[in-house]
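Overview (structure and organization)
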Amino acid sequence: MMSNSNEKTKILIVDDEVDLLAELGSLLVRSGYKVETACDGCRALDTYQRFQPHLIVLDVLIPGIDGREIVRQLREANDWTPIILLTQVGTSAERAMSLQEGADDYLNKPFDPFELIARIQAIVRRVQHAGQPTSSFRYHNCEELTLDRQKRQVWLSGKELMLTARAFGVLEYLMLNSGELVSRDKLLNEIWGWAYAVETRAVDVRIAEIRKQLGDRADWVETLVGQGYRFLGEVDRR
Amino acid sequence: MKRWQALLLYSLPLVLASGMVAAINTGIIADLLFVGRFEMSLGGLALLVSVLLAGGLIIRALVLHYDDERTKRIQTKAHEQHTSAQRRFLQRLDHELKNPLTIIQLGLANLKTSIPVEEHASFTRVEEQTQRLQRLVEALRGLADLDEIDLERESVDLGDVLEEVVSLVRASASSQHLLLNVRQIPWKLSPVWGDRDLLEVALRNLLDNAIKYTPTDGIIEIRASENGHGAVVEIVDTGYGIPTADLPHIYEELYRGSNGRQISGSGLGLAMVKRIIDLHQGQIDISSRLSEGTVVTLHLPLAPATRN
């Protein structure tokens, strides 16, 4: 279902703000995507059927069927078209829920437009390898390392690693996005929340904790000085 | 209570007191004049009066106490209502800012490539101001997050946290030629009980403030110690100080001191610090003198194992 190199990646944008649709649409067209828009839930589903997009950028608060309901409907129909949710509230509970219900990613408004494009590119790349969003899998394995997202446990060669909740969150996020560079700010927002968005050593402390627990496999977690972190191991998911 | 009732109640003891003085005086005179005969009755009268007086005083104290408590309760409630109304307002404001700000940012991203060279400076200014709004929205979100957050409490080595925060701000302090001193009691500080990362955020905010509001060649000193109840951190600067009229408002969201408006900031830093310290059942006190400096004092509870 993914686009081949001759065909443009098709993106459906859904939001109730017409001006947002116009600006975002034009930005994505400039970035080389084919775009259609919809301003409420019902039209979104109609356009989806007709346009058959490769990816949906979906606002949560839209009239008619709301964004989360659309995610649920598609996933129940075993449709794994990648979805990036746009949220306004952005509490940790809301974030966790969006991913559990099967969204591939989400961004809080207002977002950096180029961050959205980076996410779209990352998801398109990822989906070319696997159809389902990585967040829909419970177990993430890398050789003898197993991360159980439901039980919030990590095992290395049969031995459970004792990680703090935040260190677990960091490792989980890095494994969900394995191979991708994740910035420190991103980790702070995702795992700590907005209250922590001040330059501190919080992330480094947890990365050090993870590395220590990984022992001689510490090199799975790579630091790119001044940029962020990346999980280097090959991750299987089930 | 009505004013006349209060007046009556409060004046009662005074009336009784003068009565007693009169009675005792009469008793003494009677003693001198008619030894024996009126002694008992006048003495009894004096006793009665003093009992009444004592009673009056007790009633007065109770009424005053009750009144005081009631006023305090009303004030606290009014304050809480005001605070939560203000928070709701800020949340709505935050919400209403998000969509327009998203659209502006997208628009700027679209325009960026087509701006003629002579308009670049102007375009950059618009971009910077948009980023400023973006930071405000993020700070508001952070503040709102603190209302729902689950603290990850652990035993925290405060000396360690201070060292980290100081290392993060050292560069900006020295670029302003500020002397940054850390003074700690000679032995290791007992660990405090709290969310390490949030405490770091609070200390970082306070140090950033000290640096921002201290002119070149000033001194910033961080003193860590403990008293019988907990850890005490003082952040002392020789900065511009806070005008006395501003002091009662410095923890309010978006409040900027009258002498600090030229210096950039969200106006949310101290509100955030205050909320973090409150979440830790700690205390924050700020004293300041204009043009002389500011002392911020934090009291934080110790970790359970080291509590007395």
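Refer to the preceding data block for the structure.
Residues numbered from 1 in each chain as written. Chains lettered and ligands numbered in written order. Predicted model: local features only at pLDDT ≥ 70, side-chain atom pairs only at ≥ 80, totals over all residues. Heavy atoms only, no water.

1. Let's talk about the pairing of strand β3 (residues 55-59) of chain A
All names here are of chain A. We count it as follows: Each residue is assigned to one of three classes by its accessible area relative to the maximum for its type, calculated with a 1.4 Å probe on protein chains only: buried under 20%, partly exposed between the two thresholds, exposed over 50%. We count a stretch as a helix when DSSP gives it H or I for four or more residues in a row; a strand needs E for two or more, and each element gets its number in order from the N terminus. Strands were regarded as paired on the criterion that DSSP finds at least two bridges between them.
With respect to burial, β3 is a largely interior element, five of its five residues being buried. Residue alternation in β3 divides its side chains into two sets, Leu55, Val57 and Asp59 and Ile56 and Leu58, and both sets are buried. Pairing geometry for strand β1 (residues 10-14) and β3, over four bridges, is parallel. Residue pairing in the sheet places Val14 in a bridge with Leu58 of β3.

2. As for the interface of chain A and chain B
For clarity, the threshold we go by: It only takes one pair of heavy atoms within 4.5 Å for two residues to be counted as in contact. By buried area we mean the combined loss of accessible area, with a 1.4 Å probe, across both parts when two parts are placed together. Here, a salt bridge means any side-chain nitrogen of Lys or Arg that lies within 4 Å of a carboxyl oxygen of Asp or Glu.
Tallying the contact residues gives 33 residues for chain A and 35 residues for chain B. For the pairing of chain A and chain B, the buried interface totals around 3,300 Å² over both sides, and the portion due to carbon and sulfur atoms is 55%. Per-residue buried area on chain A facing chain B is highest for Pro110, Trp194 and Arg201 of chain A; these three make up 21% of the total on that side. In this structure, the connection of chain A to chain B is made through five salt bridges.

3. Regarding the sheet that holds strand β4 (residues 83-87) of chain A
Within a beta sheet, neighbouring strands are joined by backbone hydrogen bonds and run either parallel or antiparallel to one another. Residue and element names in this part refer to chain A. Going by this rule: The axes are straight lines fitted to the C-alpha atoms, using for helices just the contacting stretch, and the angles between their N-to-C directions are given from 0 to 180°.
On the basis of which strands lie adjacent, the open sheet formed by five strands has the order β2-β1-β3-β4-β5 and parallel pairing. A single partner strand is all that each edge strand has here, and the edge strands are β2 (34-38) and β5 (105-108). Ignoring which end each strand starts from, the neighbouring axes of this sheet average 20° apart. Relative to the sheet, helix α1 (residues 18-30) contacts β1, β2 and β3, its axis offset from that of β1 by approximately 165°.

4. Observations regarding the nonpolar core
Definition in use: Throughout this description, the term nonpolar core refers to a set of buried Ala, Val, Leu, Ile, Met, Phe, Trp, Tyr and Cys residues connected via side-chain atoms within 4.5 Å.
By size, the foremost hydrophobic cluster in this structure holds 81 residues, and its most contacted members are Leu145 and Phe231 of chain A together with Leu203, Leu207 and Ile235 of chain B. A total of nine residues in this core trace back to one element, the largest contributor, which is helix α5 (residues 196-212) of chain B. Setting aside its immediate chain neighbours within four residues, Ile235 of chain B contacts Leu203, Leu206, Leu207, Ala210, Glu221, Ile222, Thr294, Val295 and Val296 of chain B. Counting 23 residues, the second-largest nonpolar core is a separate cluster that includes Leu28 and Val57 of chain A together with Ile103 and Leu106 of chain B.

5. Regarding the sheet that holds strand β2 (residues 179-184) of chain B
Residues and elements named next belong to chain B. Strand order in the open sheet formed by five strands is β2-β4-β5-β7-β6, with mixed pairing between adjacent strands. This sheet does not close on itself; its edge strands, each paired only once, are β2 and β6 (283-289). Across the sheet, the axes of successive neighbouring strands diverge by a mean angle of 10°, strand direction being ignored. Taken strand by strand, helix α4 (residues 158-175) contacts β2, β4 (219-226), β5 (230-237) and β7 (293-301), and its axis lies near 170° from that of β2. Strands β6 and β7 of the sheet are contacted by helix α6 (residues 269-279), whose axis makes an angle of about 145° with β6.

6. Quick notes on the packing of helix α7 (residues 184-192) of chain A against helix α8 (residues 202-214) of chain A
Residues and elements named next belong to chain A. To be explicit about the condition: Note that the term roughly parallel is reserved for angles under 35 degrees, roughly antiparallel for angles over 145, roughly perpendicular for angles of 65 to 115, and oblique for everything else. In the scheme used here, Gly and all other residues not listed as nonpolar or charged are polar, with Ala, Val, Leu, Ile, Met, Phe, Trp, Tyr, Cys and Pro taken as nonpolar and Asp, Glu, Lys and Arg as charged.
Two numbers describe how α7 lies on α8: the axes approach to 10 Å, and their chain directions differ by 85°. Relative to α8, the element α7 lies roughly perpendicular. Of α8, the residues touching α7 (which contributes Arg184, Leu187, Leu188 and Trp192) are Ala202, Val203, Asp204 and Arg206. Of the residues belonging to the contact of α7 with α8, the class tally is five nonpolar, no polar and three charged.

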